[in-house]
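One-letter residues, chain by chain:
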Amino acid sequence: AQSVTQLGSHVSVSEGALVLLRCNYSSSVPPYLFWYVQYPNQGLQLLLKYTSAATLVKGINGFEAEFKKSETSFHLTKPSAHMSDAAEYFCAVTSGYSSASKIIFGSGTRLSIRP
Amino acid sequence: DVKVTQSSRYLVKRTGEKVFLECVQDMDHENMFWYRQDPGLGLRLIYFSYDVKMKEKGDIPEGYSVSREKKERFSLILESASTNQTSMYLCASSLSGKVSYEQYFGPGTRLTVT
């Protein structure tokens, strides 16, 4: 069975500070990993995804994530936070072989940015 | 531009009513999904469909049913709405064939059952 754990339901950083959102996964087969972002009153949109091509993945809006198999982690980082980064972030995993590509989502981390 | 639309952004229904939530995608995707989103629980899969007239139960199908008569449309039905079904409902779609294909989400329907 697959699962995702996001450490910290709420993270607050100052504008310009490093953003680090933590995600650990469990999967018995090689995983595919995603980070999605949800801005207020909107659906989710893809930030980035890991598909085994490279362990360091760059996404939109300056975010990146590193796949670490030994630590079963896929933490999301951004060097300098911007006010517009305030949103909820979801880590997700899939390794299913069905055509439906079911994804398991974490419980989410709400990111707040202090001026 | 990729588009998933949901019929309502906000909906208020009474206990016992039959509720229909509609989702339409214009990307010719084979797969469509219905999730509910609750604080602290993330997204939980209710049902998904990998082809017209095909459906499979997700993690929390009780109290819900779905219909997919056309490729672009996936409907979620609450047969007899209850207060514990008050939630945000998100529809998504994706291509078939690769597990790494991302899901595209609609804006969500916030349903309140009173």
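In case you missed it, the structure is sitting above this.
Basis of the calculations
Residues numbered from 1 in each chain as written. Chains lettered and ligands numbered in written order. Predicted model: local features only at pLDDT ≥ 70, side-chain atom pairs only at ≥ 80, totals over all residues. Heavy atoms only, no water. Salt bridge = Lys/Arg side-chain N within 4 Å of Asp/Glu carboxyl O. Helix = DSSP H or I, 4+ residues; strand = E, 2+ residues; numbered from the N terminus. Buried < 20%, exposed > 50% of the residue type's maximum accessible area, 1.4 Å probe, protein only. Contact = heavy atoms within 4.5 Å. Buried area = accessible area lost by both parts, 1.4 Å probe. Polar contact = N/O pair within 3.5 Å; in protein donor to acceptor, adjacent residues only side chain to side chain. Nonpolar A, V, L, I, M, F, W, Y, C, P; charged D, E, K, R; others polar. Phe/Tyr/Trp six-rings, centres within 6.5 Å; stacked < 30°, edge-to-face > 60°. Disulfide = S-S within 2.5 Å. Pairing = 2+ DSSP bridges. Axes fitted to C-alpha atoms, helices over the stretch in contact; angles between N-to-C directions.

Asks: Help me get a handle on the pattern of salt bridges, residues and values and all.
Replies: Residue and element names in this part refer to chain B. This structure, assessed with the given rule, holds 8 salt bridges over all chains. Among the ionic pairs, Lys-18 bridges to Glu-79, the shortest N-O distance being 3.6 Å. Residue Lys-18 is found in the loop between β2 (10-13) and β3 (19-25), and its partner Glu-79 is found in the loop between β8 (73-78) and β9 (87-94); the two are separated by 61 residues along the sequence. For Glu-79, a relative accessible area of 41% puts it in the partly exposed group. Between Asp-28 and Lys-71 there is a salt bridge, with the nearest N and O atoms lying 3.0 Å from each other. Here Lys-71 lies in the loop between β7 (64-70) and β8 and Asp-28 lies in the loop between β3 and β4 (31-38), a separation of 43 residues in the sequence. With a relative accessible area of 27%, Lys-71 lands in the partly exposed category. Bridged by salt links that share partners, the residues Arg-36, Asp-38 and Arg-44 form one connected network.

Asks: Let's hear about the interface of chain B and chain A: which residues, and what values?
Replies: Contacts between chain B and chain A engage 27 residues on the former and 25 residues on the latter. Buried surface at the junction of chain B and chain A, both sides included, amounts to about 2,000 Å², of which 55% is carbon and sulfur. The tally of links between chain B and chain A comes to 3 residue pairs in polar contact (both at pLDDT 80 or more). Counting residues per element, the ones that place at least two in the side of chain B that touches chain A are β4, β5 (42-51) and β9 of chain B. Sort the elements by how many residues they give to the side of chain B that touches chain A and β5(B) lands first, with 5 residues. Looking at side-chain class alone, the side of chain B that touches chain A contains 14 nonpolar, 10 polar and 3 charged residues.

Asks: Give a description of the packing of aromatic side chains that names residues and reports values.
Replies: Per the counting criterion, the structure on display carries 13 aromatic pairs over all chains. Note on Phe105(A) and Tyr35(B): the rings are 5.5 Å apart at their centroids and 90 degrees apart in plane angle, and the pair reads as edge-to-face. Of the two residues, Phe105(A) sits in strand β10 (residues 104-105) while Tyr35(B) sits in strand β4, which places them in two different chains. For the residue pair Phe105(A) and Tyr35(B), the accessibility class agrees, reading buried in each case. Grouping aromatic residues by their ring pairs yields a cluster made of Phe34(A), Tyr36(A), Phe105(A), Phe33(B), Tyr35(B), Phe48(B) and Phe105(B).

Asks: Kindly report on the state of the cysteines, identifying the contributing residues and their values.
Replies: All names here are of chain A. Enumeration according to the criterion identifies 2 disulfides over all chains in this entry. In this model Cys-23 forms its disulfide with Cys-91; the gap between the sulfur atoms is 1.9 Å. Negative torsions about the S-S bond denote left-handed disulfides, and the value of about -65 degrees found for Cys-23 with Cys-91 makes this one left-handed. A residue pair is termed long-range when its members are at least 10 positions apart, and Cys-23 in strand β3 (residues 19-26) and Cys-91 in strand β9 (residues 87-94) qualify at 68 residues.

Asks: Which residues make up the sheet that holds β7(B), and what values go with them?
Replies: Residue and element names in this part refer to chain B. Within the open sheet, the 4 strands sit side by side as β1-β3-β8-β7. Their pairing is antiparallel. Since the sheet does not close on itself, it has two edges, and those belong to β1 (4-6) and β7, each with one partner. For this sheet the average axis-to-axis angle between neighbouring strands, irrespective of direction, equals 20 degrees. Inspection of the sheet shows β1 paired to β3 by 3 bridges, in the antiparallel sense.

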